[in-house]
Amino acid sequence: MKCSRCGQEAVYEAKYSGEMLCGGHLIESVERRIKKEIREQIDFLPGGTRIAVAISGGKDSSATLYSLKKILGNRRDVSLSAFTIDEGISGYRDTGLENAKSLCHELEVPHFVLSFTDSFGTTMDEVVRENGDIIPCSRCGPMRRQLMNLQGRNLDADYVALGINLDDYAQSILMNVARGDVDRMARIAPHHREKEGLVRRILPLRRIPEKEVVLYSILNGIKFDSSWCPYYSKAQRNTFRDIVETLEERTPGASFSILNFLDGIRPSLEQAVSEAILNRCRICGQPTSREICATCATL
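The rules we used
- Residues numbered from 1 in each chain as written.
- Predicted model: local features only at pLDDT ≥ 70, side-chain atom pairs only at ≥ 80, totals over all residues.
- Heavy atoms only, no water.
- Axes fitted to C-alpha atoms, helices over the stretch in contact; angles between N-to-C directions.
- Helix = DSSP H or I, 4+ residues; strand = E, 2+ residues; numbered from the N terminus.
- Parallel < 35°, antiparallel > 145°, perpendicular 65-115°, else oblique.
- Contact = heavy atoms within 4.5 Å.
- Nonpolar A, V, L, I, M, F, W, Y, C, P; charged D, E, K, R; others polar.
- Core = buried A, V, L, I, M, F, W, Y, C linked by side-chain atoms within 4.5 Å.
- Buried < 20%, exposed > 50% of the residue type's maximum accessible area, 1.4 Å probe, protein only.
- Salt bridge = Lys/Arg side-chain N within 4 Å of Asp/Glu carboxyl O.

Notes on the packing of helix α1 (residues 23–41) against helix α2 (residues 59–72)
In contact at an axis separation of 11 Å, α1 and α2 are set at 75° when each is read in the N-to-C sense. Considering their axes alone, α1 and α2 lie roughly perpendicular with respect to each other. On α2, the residues touching Ile27, Glu31, Ile34, Lys35 and Ile38 of α1 are Ser67, Leu68, Lys70, Ile71 and Leu72. Of the residues that constitute the contact of α1 with α2, the class distribution is six nonpolar, one polar and three charged.

Some details on the nonpolar core
Phe83, Phe116, Met124, Tyr169, Ile173 and Leu262 are the most contacted members of the largest nonpolar core, which totals 38 residues. Elements that contribute at least two residues to this core include exactly β3 (49–54), β4 (78–86), α4 (116–120), α5 (124–130), α6 (136–154), α7 (166–179), α8 (182–187) and α11 (254–272). Of all the elements, α11 adds the most residues to this core, at five residues. Not counting chain neighbours up to four residues away, the residues in contact with Phe116 comprise Ile85, Asp86, Glu87, Gly121, Thr122, Thr123, Met124, Cys140, Met143, Arg144 and Leu147.

Considering the pattern of salt bridges
Evaluated as defined, the whole model comprises 25 salt bridges. Asp43 is the partner of Arg200 in a salt bridge, and the nearest nitrogen-oxygen pair spans 3.6 Å. Remark: Asp43 occurs in the loop between α1 and β3 and Arg200 occurs in strand β7 (residues 200–202); sequence separation between them is 157 residues. A residue is classified by how much of its surface remains accessible, and Asp43, at 42% relative accessible area, is partly exposed. One salt bridge connects Glu210 with Arg241, and the closest N-O pair in it is separated by 3.4 Å. Of this pair, Glu210 sits in helix α9 (residues 210–219) while Arg241 sits in helix α10 (residues 237–250), and the two are 31 residues apart along the sequence. We note that Glu210, like Arg241, is buried. One salt-bridge network, held together by shared partners, links Glu37, Arg206, Arg207 and Asp263.

Structure, rendered in structure tokens:
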């Protein structure tokens, strides 16, 4: 197989476009789309823009940090930092944490570690043991998001960057459709509006399929943890992962179409859905639309 652009040996077939790409042109294609997302998602401020990257040590978040450093690293008006959240899942986070530390050291990006133990006085393993009938992701998600926002505020960040690829994003959109959750669909990242107490989240990889993230990481020598969370099998997202994979097999480019559909209706969604009034959790004081936030309800 030869690259459609230069005739060299191809490493990847982009079925959604019909192109065969060599390593160099795959990297170029990925970074071109990331640059487009950066332009659309980030409002660069006159006094400087601070971006905090949530890095787990897996392929997506590692590729996010690497690409942001490569693309924005020489800009004096942009500062990058990174942080890792240790949920306290035995045998899972250790390797990812070491990879995250190593990559941040290599890229000369300040790195911080937050843990459920220090922040909440418990681990995810303990939460699952005490609530055996729960879906772990439904408890872990709110706790992680709260720490992401807190760390973003602690770092005085204008944005928190997440490693969400195209497959993940298409799954999230379909999950909201299946639940009929219009409010959540209107609030899905990337965030363009500022809300008091909340740091806007950006998704530089949202137009990069998972396979391309893997190849991009390998071609750039990025070490990443490929292990799966031991609680992942209970996640509702698995059903939608299968749906998206089936759609892509039958109609290459379906994930892009799902993303484009959301982008097309989003202005109308945001106009139609009233902004949720944010209160302060009466226990921890963090922003929430309820009297007690989801994290405190879990704990």
